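Below are the chains, spelled out letter by letter.
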Amino acid sequence: MILLSTLMNDNIDFENTLKIAEKYPNVGLEIFPLWHKTGYDLVLEKYKKRLTQIPISVHEQYYESEHSVDDNDERYAFTTMATKKSIALTKELNGRYMVYHYNNMEVKPEEREKMLFNTRKNLQEVNCMAEEVGIQVVIENVGVPSHKNVIFNEQEFIEECLSMPNPVLIDIGHAYCNGWDLERVISELKNKIIAYHVHNNDGKDDYHKRMHDGTLDFDRFIECYKKYTPHAEIVLEYYIPDEKDLVGIEKDIEELLEKGL
């Protein structure tokens, strides 16, 4: 299964991305919510009927959202509101899962344990909300050194995932920026991985470029994917505000389909 993240649109409307998904059988969208933007609810309402006709997953709110803060932080109220809306949207669209970020903000060493306490507590609450409506919450590896927001190293992330009931989504671009041994991570977590965020970069910055546009060995990733997790979903989480590259996105989809994904 291949999904396209609506992150690549760079605006609240995702008509072009939806058109691409509708061209191919069993290709869908991962909705990247923009609840902080005026009019976003109206855009979703406009497309809901079409969205129910294709495979869907939902990313939780990223912008202005933070699970690792105390409940007296002003970001906590917005994050809770946005999470509830994302869970409801996942349910309404028969979504396959909702993606959860442990943190988005900078991790200062002296604050790390408190951040982990908060986000684990919030994850338990989010799990309860999701279970009530029958959807899965998926843990993603987040943070890159250039943003100073890395909360787990490779081994810590593996141990965290194995200790939690949630399934896992591996963002291969994040793993690459952190210098992780991607095959090791995949082999250790293979029974928990249900999806990947796929994009490429230079090994330093989280650029979210197309799958061959960077120094990450994408063909090697595909080998690991087929060996350990052949049924996991591939989410093309590109950031391509220049819509001239829509043809390139279709080429990537067709290459993945030719590889049997």
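Let me begin by describing the structure that accompanies this report. Counting restarts for each chain, with residues numbered from 1 along the sequence as it is written. Reporting of local features is limited, given that this is a predicted model, to residues whose pLDDT is at least 70; pairs of side-chain atoms are given and counted only at 80 or more, and all residues count toward the totals for whole chains, interfaces and linings. To obtain the side-chain values, all non-hydrogen atoms of the structure were used and water was disregarded.

**Quick word on the packing of aromatic side chains**
- To pair, rings of Phe, Tyr and Trp, with the six-membered ring standing in for Trp, must have centres within 6.5 Å; the planes then decide the type, stacked if under 30 degrees apart, edge-to-face if over 60, and tilted in the middle. Enumeration according to the criterion identifies 13 aromatic pairs in this entry.
- Each ring, one from Phe 32 and one from Tyr 62, has its centre 6.4 Å from the other, and the planes form 40 degrees; the classification is tilted. Here Phe 32 is found in the loop between strand E2 (27-31) and helix H2 (40-51), whereas its partner Tyr 62 is found in the loop between strand E3 (56-59) and helix H3 (74-92), with 30 residues between them in sequence.
- With relative accessibility at 7%, the residue Phe 32 sits in the buried group.
- Residue exposure (1.4 Å probe, protein chains only): buried if accessible area is under 20% of the type maximum, exposed if over 50%, otherwise partly exposed. Residue Tyr 62 is classed as partly exposed on the basis of its relative accessible area of 29%. Helix and strand definitions follow DSSP, with helices as H or I runs of at least four residues and strands as E runs of at least two, each counted in order from the N terminus.

**A few points about the pairing of strand E6 (residues 168-171)**
- Burial of the side chains of E6 extends over both faces: Val 168 and Ile 170 are buried on one face and Leu 169 and Asp 171 on the other.
- With two bridges connecting them, strand E5 (residues 137-140) and E6 associate as parallel partners. Across the sheet, residue Ile 139 finds its bridge partner in E6, namely Val 168.
- With strands facing away from the observer, any crossover in which the path from the first strand over the helix to the second runs clockwise is taken as right-handed. Each parallel crossover has a hand, and the one from E5 via helix H5 (residues 154-163) to E6 is right-handed.
- Pairing of E6 with strand E7 (residues 193-198), which is carried by four bridges, proceeds in the parallel orientation. Bridging across to E7, Leu 169 finds its partner in Ala 195. By the convention used here, strands pair only if DSSP detects at least 2 bridges between them.

**Overview of the nonpolar core**
- Ranked by size, the top nonpolar core spans 75 residues in total, and within it Phe 14, Leu 29, Ile 31, Leu 51, Ile 170, Tyr 196 and Phe 221 carry the most contacts.
- Here this core gets six residues from one element, more than from any other, and that element is helix H8 (residues 218-228).
- Once residues within four sequence positions are removed from consideration, Ile 170 is found in contact with Asn 141, Phe 157, Leu 182, Val 185, Leu 189, Ile 193, Ala 195, Tyr 196 and His 197.
- Of all hydrophobic cores here, the second largest spans seven residues; its members include Leu 3, Val 138, Leu 169 and Ala 195. Take the buried residues of types Ala, Val, Leu, Ile, Met, Phe, Trp, Tyr and Cys, join any two whose side-chain atoms come within 4.5 Å, and each joined set is a nonpolar core. Contacts: residue pairs with any heavy atoms within 4.5 Å of one another.

**Thoughts on the pattern of salt bridges**
- Between Lys or Arg on one side and Asp or Glu on the other, a salt bridge is scored when a side-chain nitrogen of the former is within 4 Å of a carboxyl oxygen of the latter. Here the structure, examined in full by the defined rule, presents 22 salt bridges.
- Across the pair Lys 48 and Glu 45 runs a salt bridge, and its minimum N-O distance is 3.2 Å. A residue pair is termed a helical-turn pair when its members lie 3 or 4 positions apart in one helix, as Lys 48 and Glu 45 do in helix H2 at three residues.
- By relative accessible area, which is 17% here, Lys 48 ends up buried.
- The exposed category is assigned to Glu 45, whose relative accessible area is 51%.
- Residues Arg 184 and Glu 154 are paired through a salt bridge, measuring 2.7 Å at the closest nitrogen-oxygen approach.

Bear in mind that shape data such as this cannot, by itself, settle questions of function.
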